[in-house]
Amino acid sequence: MAGYIKIEDDQTFSKQMFCIPQHYEDYLESVMIPKGLILNRTERLARDICRDLCHGPLVALCCLKGGYQFFSHLSEFIINYNGTSGHSVPFSIDFIRLKSYENDGSTNDVKIIGGDDLSSVKGKNVLIVEDIIDTGKTMKKLLEVISQFKPAQVKVVSMLVKRTPLRSSSYRPDYIGFEIPDKFVVGYALDYNEYFRDLNHICIINKEGIEKYRT
Ligand SMILES: O=P(O)(O)OC[C@H]1O[C@H](OP(=O)(O)OP(=O)(O)O)[C@H](O)[C@@H]1O
Ligand SMILES: Oc1ncnc2c1N=NC2
Ligand SMILES: [Mg+2]
Ligand SMILES: [Mg+2]
């Protein structure tokens, strides 16, 4: 397994140092990972992935909704690498919608909502692109489902892996952007009850935000 950037338990940035949408300012504790750093790390992940996987047709599978920003930027870097590294392979994309969270907890019931016709992955190298691994339940379910479609090989890249020793299945993806503390984070397409997806940076939600947008 390749390396990752470890975000320490007390490693945060002040909200006042970044552009934060006014409608969220009172509901965030701090910035954990600014978008610029996410993009820089994603560019290197694209190079690592291409060096390992780009020897045959590659299908990148976006785990909606939370994975869409990471998927979009990672795909762009893979396409650029494909075009400039002197070696290229056909790169196609597919989408699947998975949902298991309500408020800041897993319902332990991973629902696959539409997009589960994954016959396109048969015989291909598949890269599953996810935003975060927390308990690992979502990824465990997806890997079970995708294996039924007989892909040639499956690799998983997750932008974040949360340090959750007490409730994690200890599943580790093949590629990791950042290992983060056990805090509920939002932004860069990660949500809390569908809010905060329109926030650029990965931030820690505060108690007021948890109450304001609780269902
Ligand atoms: O490792 P786990 O504990 O399963 O948690 C990780 C999953 O939970 C979140 O999805 P969510 O259910 O919130 O749907 P969303 O992607 O639409 O936000 C997140 O985007 C991951 O897919
Ligand atoms: O911190 C988190 N933020 C958003 N979504 C999820 C998180 N952990 N599991 C799912
Ligand atoms: Mg998700
Ligand atoms: Mg969510």
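Scroll up for the structure.
In short, a report on the structure. (Residues numbered from 1 in each chain as written. Chains lettered and ligands numbered in written order. Predicted model: local features only at pLDDT ≥ 70, side-chain atom pairs only at ≥ 80, totals over all residues. Heavy atoms only, no water.)

**Some thoughts on the overall build of the protein**
Okay, so step 1: A count of helices and strands for the protein gives four helices and ten strands.
Okay, so step 2: Helices and strands in the protein line up, N terminus first, as β-β-α-β-α-β-β-β-α-β-β-β-β-α.
Okay, so step 3: With the principal axes as the frame, the protein shows a C-alpha extent of 50 × 40 × 30 Å.
Okay, so step 4: Contacts in the protein between residues far apart in sequence, at least 24 positions, make up 69% of those at least 6 positions apart. (Helix = DSSP H or I, 4+ residues; strand = E, 2+ residues; numbered from the N terminus. Contact = heavy atoms within 4.5 Å.)

**A look at the side chain of Asn-82**
Okay, so step 1: One can find Asn-82 in helix α2 (residues 68-84).
Okay, so step 2: The buried category is assigned to Asn-82, whose relative accessible area is 12%.
Okay, so step 3: Those residues within four positions of Asn-82 in sequence are excluded, and the remaining contacts are His-87, Ser-88, Val-89 and Phe-91. (Buried < 20%, exposed > 50% of the residue type's maximum accessible area, 1.4 Å probe, protein only.)

**Quick word on the site of ligand 2**
Okay, so step 1: Taken together, Tyr-101, Ile-132, Asp-134, Lys-162, Lys-183, Phe-184, Val-185, Leu-190 and Asp-191 make up all the residues around ligand 2.
Okay, so step 2: Taking Asp-134, its side chain carries an N or O atom lying 2.8 Å from a nitrogen atom of ligand 2.
Okay, so step 3: In this structure, Val-185 approaches ligand 2 through a main-chain N or O atom, which is 2.5 Å from a nitrogen atom.
Okay, so step 4: Protein chains bury 93% of the 260 Å² of accessible surface belonging to ligand 2 in isolation.
Okay, so step 5: When each cavity is represented as a set of grid points, ligand 2 is found to reside in the largest cavity.
Okay, so step 6: Across the shell around ligand 2, the residue classes break down as five nonpolar, no polar and four charged. (Near = heavy atom within 4 Å. Polar contact = N/O pair within 3.5 Å; in protein donor to acceptor, adjacent residues only side chain to side chain. Areas by Shrake-Rupley, 256 points an atom, 1.4 Å probe, with all protein chains shown as cover. 1 Å grid on protein atoms, 1.4 Å probe; cavity = no way out; pocket = protein on both sides within 12 Å on 5 of 7 lines; lining within 4 Å. Sits in = over half its atoms within 2 Å of the grid points. Nonpolar A, V, L, I, M, F, W, Y, C, P; charged D, E, K, R; others polar.)

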